[in-house]
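# Examination of the molecular architecture
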Amino acid sequence: MSSALTDLFPHPIVQAPMAGGVSVPQLAAATADAGGLGFLAAGYKTADGMYQEIKQLRGLTGRPFGINLFMPQPEYADPAAVEVYAHQLAGEASWYETELGDPDSGRDDGYDAKLAVLLDNPVPVVSFHFGIPSGEALESLRRAGTFTLVTATTPEEALAVQYAGADAVIAQGVEAGGHQGTHRDIPEHDGSGLGLLSLVAQIRETVTVPIVAAGGIMRGSQIAAVLAAGASAAQLGTAFLATPESGAHDVHKQALTNPLYVRTELTRAFSGRPARGLVNRFLREHGPYAPAAYPEVHHLTSPLRKAAAKAKDAQGMALWAGQGHRMARELPAGQLVEVLAAELAEARTALSAKGGLR
């Protein structure tokens with residue numbers, strides 16, 4: 001892996017940026033202090049909100065960390081389809097005694113303002129989801145001393161990331177919890193995503209930049225597997241979701257290992273974009289009818305999700321989780337990093353003993 005990235009954190013372990021209040025400064029600091037790379041998620045926050053969290057994180061740790069930005073989305077949603085979905089959700093609004101959100105609440109997530117903050121107050125690492133920033137933006141961040149990563153879900157997307165000038169690519173397998181970071185949201189491609197090991201191997205043969213592997217990783221042995229496949233580090237989200245430092249709702253944390261939730265699915269039910277979550281009532285009832293309309297559907301369902309969380313009703317919440325959710329461990333984030341590093345070392349030793357890793 002590029003020394004520009006490896007020098008930032010001793011262990012090849014990245015705590016995924018999870019938007020919606022999960023990746024709080026306490027989680028990122030604990031991860032960083034233990035030798036991983038902690039991340040804050042700027043998604044769904046204002047530019048000032050992001051800046052305040054950066055200040056808080058810097059007060060908690062002197063270690064390097066990262067910030068994740070959502071790319072602005074093109075306007076291609078069918079307003080009529082969104083309106084039909086809103087009518088379908090009327091019963092949910094009545095049940096939770098709240099109003100549906102305004103689907104036209106904005107689609108750029110304050111991207112330009114956030115980028116300006118990060119250029120004025122540089123951070124060690126910035127990653128991007130839902131598309132590729134301009135070459136000018138990437139070069140400006142590089143001049144500011146920031147290492148840049150961009151999510152890709154196919155080898156073709158990874159090649160575009162390299163061509164744009166990013167320093168590394170995050171290879172996101174279909175196993176990953178939360179939103180798939182596809183560059184273009186094409187409904188016809190739903191369910192056709194590549195598994196992580198296959199994706200990493202294909203991207204390794206396509207690009208020369210470092211690869212960070214993401215998707216369903218819960219154990220150090222899995223980190224060893226993606227490193228053997230060609231990745232330079234592993235990004236874990238669901239594994240950190242259950243930690244006490246995580247900002248996830250307690251109901252969400254408990255659901256990860258609750259026998260009631262036996263599987264995950266990719267769904268558009270909550271946001272209008274494919275995202276993997278635990279299968280609950282809301283997902284089952286509305287997933288088949290949700291339109292390809294992000295962030296319109298996200299804004300529309302936001303009050304519903306907040307009301308369900310307030311009522312501690314897991315059946316109405318977006319319980320984002322990767323396919324390995326049943327393997328979640330309720331360990332402090334720093335201890336989790338140490339355990340993962342120890343498991344990784346053990347797996348590497350075993351592979352070396354068998355001649356599988358040189």
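Residues numbered from 1 in each chain as written. Predicted model: local features only at pLDDT ≥ 70, side-chain atom pairs only at ≥ 80, totals over all residues. Heavy atoms only, no water.

### Looking at the side chain of Thr 264
- Looking at where Thr 264 falls in the secondary structure, it is placed in strand S10 (residues 264–267).
- Of the polar contacts made by the side chain of Thr 264, one reaches the side chain of Arg 276; its length is 3.1 Å.
- Those residues in contact with Thr 264, other than ones at most four positions away along the chain, are Arg 276, Gly 277, Leu 278, Val 279, Ala 321, Gly 322, Gln 323 and His 325. (Helix = DSSP H or I, 4+ residues; strand = E, 2+ residues; numbered from the N terminus. Polar contact = N/O pair within 3.5 Å; in protein donor to acceptor, adjacent residues only side chain to side chain. Contact = heavy atoms within 4.5 Å.)

### So, the packing of helix H6 (residues 111–120) against helix H7 (residues 135–143)
- Between H6 and H7, whose axes approach to 10 Å, the crossing angle comes to 25°. With respect to H7, the axis of H6 lies roughly parallel. Of the residues in H7, those in contact with Tyr 111, Leu 115, Leu 118 and Leu 119 of H6 are Ala 137, Ser 140 and Leu 141.
- Class assignment of the residues belonging to the contact of H6 with H7 gives a composition of six nonpolar, one polar and no charged. (Axes fitted to C-alpha atoms, helices over the stretch in contact; angles between N-to-C directions. Parallel < 35°, antiparallel > 145°, perpendicular 65-115°, else oblique. Nonpolar A, V, L, I, M, F, W, Y, C, P; charged D, E, K, R; others polar.)

### Topic: the side chain of Gln 15
- Within the secondary structure layout, Gln 15 lies in strand S1 (residues 13–15).
- Only 2.9 Å separates the side chain of Gln 15 from the backbone nitrogen of Phe 39, close enough to count as a polar contact.
- Not counting residues within four places of it along the chain, the set of residues in contact with Gln 15 comprises Ser 23, Leu 27, Ala 28, Thr 31, Leu 37, Gly 38, Phe 39, Leu 236 and Phe 240.

### Structural notes on the environment of Asp 190
- Mapped onto the elements, Asp 190 comes out in the loop between strand S7 (178–179) and helix H9 (196–204).
- C-alpha separation for the pair Asp 190 and Thr 267, spaced 77 residues apart in sequence, amounts to 9.1 Å.
- Ignoring sequence-local partners within four residues, the contact set of Asp 190 consists of Arg 268 and Pro 274.
- Among the polar contacts listed, one links the side chain of Asp 190 to the side chain of Arg 268, at a separation of 2.9 Å.

### A short note on the pattern of salt bridges
- Applying the stated criterion across every chain, the model contains twelve salt bridges.
- Residue Arg 142 pairs with Asp 167 through a salt bridge whose shortest N-O separation is 3.1 Å. Here the residue Arg 142 occupies a position in helix H7, and Asp 167 occupies one in the loop between helix H8 (155–164) and strand S6 (168–172), the gap between them amounting to 25 residues.
- Of the residues examined, Arg 142 reaches a relative accessible area of 33% and is grouped as partly exposed.
- Given a relative accessible area of 18%, Asp 167 falls into the buried group. (Salt bridge = Lys/Arg side-chain N within 4 Å of Asp/Glu carboxyl O. Buried < 20%, exposed > 50% of the residue type's maximum accessible area, 1.4 Å probe, protein only.)

### As for the packing of aromatic side chains
- One pass over the full model with this rule turns up six aromatic pairs.
- Pairing Tyr 44 with Phe 70 gives two aromatic rings, centres 5.3 Å apart and planes at 80°, and the pair type is edge-to-face. Residue Tyr 44 is found in the loop between strand S2 (38–41) and helix H3 (47–60), and its partner Phe 70 is found in strand S3 (residues 65–70); the two are separated by 26 residues along the sequence.
- Aromatic ring contacts, followed pair by pair, group Tyr 44, Phe 70, Phe 130 and Tyr 294 into a single cluster. (Phe/Tyr/Trp six-rings, centres within 6.5 Å; stacked < 30°, edge-to-face > 60°.)

### Brief notes about empty space enclosed by the protein
- By the definition in use, this model includes one cavity of 30 Å³ or more.
- For the largest cavity, the full set of lining residues is Leu 5, Phe 9, Val 14, Leu 37, Phe 39, Leu 149, Val 212 and Gln 235.
- For the lining of the largest cavity, the class distribution of residues is seven nonpolar, one polar and no charged. (1 Å grid on protein atoms, 1.4 Å probe; cavity = no way out; pocket = protein on both sides within 12 Å on 5 of 7 lines; lining within 4 Å. Points joined across faces, edges and corners; volume = space filled by probe spheres on them.)

Shape is all these values report; function is a separate question.
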